[in-house]
Amino acid sequence: MKHAVVRRLGRPVLVAALTGGALAGGVTPAALAAPASATASPASVTASPAYATGVFGPFGYGGVKLGMSAKQARATKKITAKAGWGPCTGWDLTASPTGRGEVGLFISKRRGVAVIFAPKGVKTPQGIGIGSTGTQLKKAYPDLKLSASGYPVVTAPGNPRASYSFLLSRGRIRQMILGLNNQDCVN
């Protein structure tokens, strides 16, 4: 999985990207960099500004598990619908709502819950969260690799079907994503 950084409202945002750099539905990272006055695309995603607690991954977060169908995820009563396009729909974690034009997770029609964005205040089982340093990240994940786009990514320990992706700024994690390795929501 490659990753691209786009700017939304003047701050970097990590968006998973495979070859071509386009998101599902034909939205390109450049389209996400529209000025704040432009209508925000539902594909422009950032971590929730809300603070949450709990363990992020390796199979999901807050009662929502990777691979759950939309019906199963809705039945948890822990998500709220936001937007849909292409093969996926955007949702929020009810306990950690995001702003307009942002989502907390994607659910794929084919693969179920495919991508979850970490709210602030959560940590991986290895103790890594938004605000952790690059040194802490490397120590927690010795198998950490750089994606083709240069962003740290690691297989989620205990779940070979998923990976964590990280966006660092000034040596600290600004965004964390848990996603299925074969997700089809962002490409």
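So, here's what we can say about the structure. (Residues numbered from 1 in each chain as written. Predicted model: local features only at pLDDT ≥ 70, side-chain atom pairs only at ≥ 80, totals over all residues. Heavy atoms only, no water.)

1. What to know about the sheet that holds strand β7 (residues 105–108)
Operational definition: Only strands joined by at least two bridges in the DSSP assignment are considered to pair. Helix and strand definitions here come from DSSP, where helices need a minimum of 4 consecutive H or I residues and strands a minimum of 2 consecutive E residues; each element is numbered from the N-terminal end.
As summarised here, the arrangement of the eight strands in space is β5-β6-β7-β8-β12-β11-β10-β9, forming an open sheet in which the pairing is antiparallel. Strand pairing shows two members of the sheet lacking a second neighbour, β5 (79–85) and β9 (145–146), which therefore form its edges. Looking at chain direction, β7 and strand β8 (residues 112–117) are connected through four bridges and run antiparallel. Bridging across to β8, Leu105 finds its partner in Ile116.

2. What about the environment of Lys120?
The cut-off we apply is this: Note on classification: 1.4 Å probe, protein chains only; a residue is buried when its accessible area is under 20% of the maximum for its type, exposed when over 50%, partly exposed between these limits.
Mapped onto the secondary structure, Lys120 falls in the loop between β8 and α3 (134–140). Among the residues examined, Lys120 registers a relative accessible area of 30% and is labelled partly exposed. Considered as a pair, Lys120 and Met176 are 56 residues apart in the sequence and their alpha carbons are 9.2 Å apart.

3. Details of the state of the cysteines
Which entries qualify depends on this criterion: Throughout, disulfides are identified as pairs of cysteine sulfur atoms within 2.5 Å of each other.
If you walk through the whole model with that rule in mind, you get one disulfide. Disulfide pairing places Cys88 opposite Cys185 at an S-S distance of 2.1 Å. Given an S-S torsion of about -90°, the disulfide between Cys88 and Cys185 has left-handed geometry. With Cys88 in strand β6 (residues 88–93) and Cys185 in the segment after β12 (172–180), this residue pair connects regions lying 97 residues apart in the sequence.

4. Quick word on the pairing of β5
Side-chain positions along a regular strand alternate between the two faces of the sheet. Sheet analysis places β5 next to β6, joined by six bridges and oriented antiparallel. Among the inter-strand pairings, Trp85 is bridged to a residue of β6, identified as Cys88. Where β5 hands over to β6, the hairpin turn is made up of two residues, of which Gly86 adopts a positive phi near 50°.

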